Amino acid sequence: MRISRNFLFTAGLLLTAWLLSFPHSLDAETLSGRDVVAKGTLKTLNGVLIEREGEWYLQTQQGEFEVHLGNYEVLYPRGISLAPKTQAEVHGFVYGKSVAPVWIKNQNRTYKFRDTDGTPLWSGSGNGRNQNLSGRGRN
């Protein structure tokens, strides 16, 4: 059986297109708040908060953004009271359809998560990567 050159060329193009799109879809699925800060730019978004399966999103005129809150429980051990289906203003690092917030204003409350340089407020200097340093350096 002989396969035509056109068929092989077309199959090669389709395979190349698929392979080039794969890392982007994988990146979107595994994006962390740290990645969003590193790759993103500081912006303010306005929209409606949505909660799905324990994750927060902001629906804006530009589309839906995943909100990467990080380890906010360290800052707010009693939790935060974001209200689903209400207006919110989110100031943070935006990359693609993700945002790592510096702060969120919702229901007359402001919750702070990062410095404007991207350093998480829950991690001290931001260099410890959330390590538990108790006991370190003791003899």
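For the structure, see preceding data.
Throughout, residues of each chain are indexed from 1 in the direction in which the sequence is written. For a predicted model such as this one, the threshold for reporting local features is a pLDDT of at least 70, and the threshold for listing and counting side-chain atom pairs is 80 or more; totals across whole chains, interfaces and linings nevertheless cover every residue. The basis for the side-chain values is all heavy atoms of the structure; hydrogens and waters are excluded.

**Q** Explain the pairing of strand 5 (residues 98-106) here, please?
**A** On a regular strand, each side chain points to the face opposite its neighbour's, so the side chains alternate between the two faces of the sheet. Between buried and exposed lies partly exposed: a residue is buried under 20% and exposed over 50% of the maximum accessible area for its type, with that area taken using a 1.4 Å probe on protein chains only. For helices the rule is a DSSP run of H or I covering at least 4 residues; for strands it is a run of E covering at least 2, with both sets numbered from the N terminus onward. Of all nine residues in strand 5, eight are buried, a share of seventy percent or more. In short, DSSP must find at least two bridges between two strands for them to pair. Two strands pair when backbone bridges link them, and strand 3 (residues 63-67) and strand 5 are joined in this way by two bridges, in the parallel orientation. Across the sheet, residue Val67 finds its bridge partner in strand 5, namely Val99. Note: strand 4 (residues 87-95) against strand 5, eight bridges, orientation antiparallel. Note that in strand 5 the partner of Phe93 across the bridge is Ala100. Between strand 4 and strand 5, which pair antiparallel one after the other, the connecting turn spans two residues, and Gly96 there sits at a positive phi close to 60 degrees.

**Q** How do you make sense of the packing of aromatic side chains when you look at a structure like this?
**A** The relative placement of two aromatic rings is captured by the distance of their centres and the angle of their planes. Here is the rule: rings of Phe, Tyr and Trp (six-membered ring for Trp) pair when centre to centre is within 6.5 Å. Planes less than 30 degrees apart are stacked, more than 60 are edge-to-face, and the remainder are tilted. Here the structure, examined in full by the defined rule, presents two aromatic pairs. A ring pair is formed by Tyr76 and Tyr111, whose centres lie 5.4 Å apart and whose planes are at 85 degrees; its orientation type is edge-to-face. Placement of Tyr76 in the loop between helix 3 (72-75) and strand 4 and of Tyr111 in strand 6 (residues 109-112) is noted, with a sequence separation of 35 residues between them. With a centroid separation of 6.2 Å and 65 degrees between ring planes, the pair formed by Tyr76 and Phe113 is classed as edge-to-face. Linking Tyr76 in the loop between helix 3 and strand 4 with Phe113 in the segment after strand 6, this pair joins segments that are 37 residues apart in sequence. The class of Phe113 is buried, set by a relative accessible area of 0%. Every member of this aromatic cluster is reached through a ring pair, and the members are Tyr76, Tyr111 and Phe113. The criterion is that NZ of a Lys, or CZ of an Arg, lies within 6 Å of the ring centre and within 35 degrees of the ring normal, and then a charge sits over that ring. The cationic tip of Arg52 hangs over the ring face of Tyr57; the distance from NZ or CZ to the ring centre is 4.3 Å.

**Q** I would appreciate a short explanation of the environment of Ser32 in the present structure.
**A** Among the secondary structure elements, Ser32 is positioned in the loop between helix 1 (5-30) and helix 2 (33-39). Classification of Ser32 as partly exposed rests on a relative accessible area of 29%. The spatial distance from the C-alpha of Ser32 to the C-alpha of Leu69 is 9.7 Å, given a sequence separation of 37 residues.

**Q** Sorry, what's going on with the pairing of strand 1 (residues 41-52) here?
**A** Judged from the eight bridges that link them, strand 1 and strand 4 form a sheet pairing that is antiparallel. By the bridge assignment, Lys43 is partnered in strand 4 with Gly92. Pairing geometry for strand 1 and strand 2 (residues 55-60), over five bridges, is antiparallel. Within strand 2, the residue paired with Glu51 across the bridge is Trp56. Linkage of strand 1 to strand 2, two consecutive antiparallel strands, is achieved through a turn of two residues, within which Glu53 is found at a positive phi near 50 degrees.

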